[in-house]
Amino acid sequence: MTHLLLDLPPLSAARFASIEDRVARLLSTGQDVVIMQGEALLPLEGAIRATAGPGTTALNVITGPYGQTFGDWLRDCGATVIDLAVPFHTAVTAGQIRDAFAEHPEIDFVSLVHAEAATGNTNPVAEIGEVVRAHGALFYLDAVASIGAEPVLPDAWGVDLCVIGAQKAMGGPAGVSAVSVSERAWARMAANPRAPRRSYLSLLDWKERWIDGGRKALLHAPAQLEMLALEACVERIEAAGPDAVIARHAAAAAATRAGALALGGGLGPYVHDAAEAAPVATTLRAPSGTGAADLVARALAADPALPLAAGGGALAKEMIRVNHYGPAANQGAVRASLTALGTALADTGLTVDVAAALGAAEQAWRRTLRERIGEVTGA
């Protein structure tokens, strides 16, 4: 008995390399791109351990839980870590980065999350990149959530290590991930005696045995199904056009935000400024006197497939996430989520207006798509 997902010929090195090339084009980068055989935590940790050590002074920007994790890894590497934490309902600014450099000129490494799907904020990487480049620090960026939902341009932004995953806005697999690596970053790794080698975490192994060898022999058997799924999801983005995929996520975010504001019942955006809200997911603050986890459970009872979740940890009491990314970045998912949240709020005795919410969401969706199309076409 044969099966479409089994009995496949081995993935060749040439096919693997061609998928890397397509990911590089998606990032508009001329840097080396390494596709790693695991979820994005693999290159996220591997890149830090490869480039940081006891002589490193790192500025670790915390706008959500992943920034906290990066700080832990950096300290574990022996780096001196200066945390720059901002409230999770906002974004960091280039001015704050500049001020940190002025106070600590010894900083030579900056770690930042582009979009925090967990908290719903997004950071102005292009502006921050200018400041980091002028200072000369190595720039490490987690773009796992943002890729596909907003532009990710490591070369233009001066990013030395840019990690992406396909499982969110790209609508692809979770079992493989990628990192673009600048020449400066490779040099930092080569000079770091603590950089992992002969390890699943090792980026240097990929450079020395894969890239420097002309990409002719893979380090180990690749995750074949995940690689084929990654290829398929990149093909789908190419066919639709990256700008169209980004516009769809922006429209979903604008529609969700507008709909939540019009719904009433005390529901409101968690991220105060719409310009700082991530297009990959919209976070909402539960009304006073209600619990976010309870409201989400009520909403999901009617339709468990809705892209709704309560915030993680302590945020479960106050935060609702609408994860409108990938296949869920569509009007139907936004409308269904708003309707279900309206019903859940009404069940708790709060007054809501679902019709007004759906009307506001429709207007915001159309307006955002019109504006985005105009930006692309110059109209």
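Residues numbered from 1 in each chain as written. Predicted model: local features only at pLDDT ≥ 70, side-chain atom pairs only at ≥ 80, totals over all residues. Heavy atoms only, no water.

The name an unreviewed UniProt entry assigns to the protein chain is Aminotransferase class V-fold PLP-dependent enzyme, from the organism Streptomyces griseoloalbus. According to the UniProt record, the Cofactor (unreviewed entry) comment for the protein chain reads "pyridoxal 5'-phosphate". UniProt's Sequence similarities (unreviewed entry) comment on the protein chain is quoted here verbatim: "Belongs to the class-V pyridoxal-phosphate-dependent aminotransferase family." (UniProt positions renumbered as here; feature names shortened; annotations may be inferred.)

So, on to the overall build of the protein chain. The number of helices and strands found in the protein chain is 13 helices and 13 strands. Rg of the C-alpha trace for the protein chain: 21 Å, near the compact-globule value of 21 Å for 379 residues, within the 12% margin. Long-range pairs, those at least 24 residues apart, make up 70% of the contacts in the protein chain between residues at least 6 apart in sequence. Of the roughly 15,400 Å² of accessible surface on the protein chain, a fraction of 55% belongs to carbon and sulfur atoms. Once the 29 positive and 39 negative side-chain charges of the protein chain are each reduced to a mean point, those two points are 2 Å apart. (Helix = DSSP H or I, 4+ residues; strand = E, 2+ residues; numbered from the N terminus. Rg over C-alpha atoms; globule rule 2.2 N^0.38 Å. Contact = heavy atoms within 4.5 Å. Areas by Shrake-Rupley, 256 points an atom, 1.4 Å probe, with all protein chains shown as cover. Lys, Arg positive; Asp, Glu negative; His and termini not counted. Charge placed at Lys NZ, Arg CZ, Asp CG, Glu CD.)

This part covers the pattern of salt bridges. Oppositely charged side chains can form a pair if their charged atoms are brought close together. Scanning the model with the defined rule gives 14 salt bridges in all. With its nearest N and O atoms 2.7 Å apart, the salt bridge here joins R49 to E45. Of this pair, R49 and E45 both sit in helix 2 (residues 41-51), separated by 4 residues, roughly a single helical turn. Note on R49: relative accessible area 17%, which makes it buried. (Salt bridge = Lys/Arg side-chain N within 4 Å of Asp/Glu carboxyl O. Buried < 20%, exposed > 50% of the residue type's maximum accessible area, 1.4 Å probe, protein only.)

Let us now look at the pairing of strand 3 (residues 80-85). Direction of pairing for strand 2 (residues 57-62) relative to strand 3: parallel, over a ladder of 6 bridges. Residue pairing for strand 3: A58 is matched across the bridge by V81. (Pairing = 2+ DSSP bridges.)

A separate point is the environment of A355. Structurally, A355 is set in helix 13 (residues 354-377). When its relative accessible area of 60% is taken as the criterion, A355 is described as exposed.

A sheet is described by the order of its strands in space; here 4 strands give the open sequence 10-11-13-12, paired in antiparallel fashion. Two strands bound the open sheet, and with one partner strand each, they are strand 10 (268-269) and strand 12 (308-310). Across 3 bridges, strand 12 lies against strand 13 (residues 319-322) in antiparallel orientation. Counted as the bridge partner of A309 is R321 from strand 13.

This paragraph deals with the packing of helix 10 (residues 242-263) against helix 12 (residues 331-347). Contact pair helix 10 / helix 12: the axes reach a minimum separation of 10 Å and the direction vectors enclose 25°. Judged by the angle between their axes, helix 10 and helix 12 are roughly parallel. Every pair of crossing elements has a handedness; the one defined by helix 10 and helix 12 is right-handed. Contact with helix 10, carried on its side by A252, A255, T256, G259, A260 and L263, involves V334, L338, L341, G342 and L345 of helix 12 and no other residues of that element. When grouped by side-chain class, the residues that make up the contact of helix 10 with helix 12 number 8 nonpolar, 3 polar and no charged. (Axes fitted to C-alpha atoms, helices over the stretch in contact; angles between N-to-C directions. Parallel < 35°, antiparallel > 145°, perpendicular 65-115°, else oblique. Left-handed = near helix turned anticlockwise from the far one by under 90°. Nonpolar A, V, L, I, M, F, W, Y, C, P; charged D, E, K, R; others polar.)

Further remarks concern the environment of A195. Tracing the backbone shows A195 in the loop between helix 7 (183-190) and helix 8 (203-211). The exposure class of A195 is buried, given its relative accessible area of 7%. Taking the C-alpha atoms as reference points, A195 and R49, separated by 146 residues in sequence, lie 5.9 Å from one another. Excluding anything up to four places from it in sequence, A195 contacts R49, A50, M189 and L204.

What follows is about helix 7. All of the buried residues along helix 7 are A185, W186 and M189. Projected onto a plane normal to the axis of helix 7, the buried residues spread over an arc of 100° and lie on a single side. Looking at helix 7, the residues exposed on the side facing more than 90 degrees away from the buried face are E183 and A190. Considering only its buried residues, helix 7 is in contact with strand 1 (32-36), helix 2, strand 7 (138-142), strand 8 (161-165), strand 9 (177-181) and helix 8. (Arc of directions from axis to C-beta.)

All right, on to the UniProt feature "domain: Aminotransferase class V" (unreviewed entry) in the protein chain then. When the UniProt feature table is mapped onto this chain numbering, "domain: Aminotransferase class V" (unreviewed entry) sits at residues 76-339. For the annotated span residues 76-339, helix accounts for 39% and strand for 16% of the residues, and the straight-line distance between the end C-alpha atoms is 46 Å.

Axis separation between helix 1 (residues 13-26) and helix 9 (residues 224-240) bottoms out at 10 Å; the angle between their running directions is 40°. Relative to helix 9, the crossing made by helix 1 is left-handed. In this structure, helix 1 uses R15, F16, S18, I19, R22, V23, R25 and L26 to contact helix 9, whose residues at the interface are M227, L228, L230, E231, V234, E235, I237 and E238. Counted by class, the contact of helix 1 with helix 9 contains 9 nonpolar, 1 polar and 6 charged residues.

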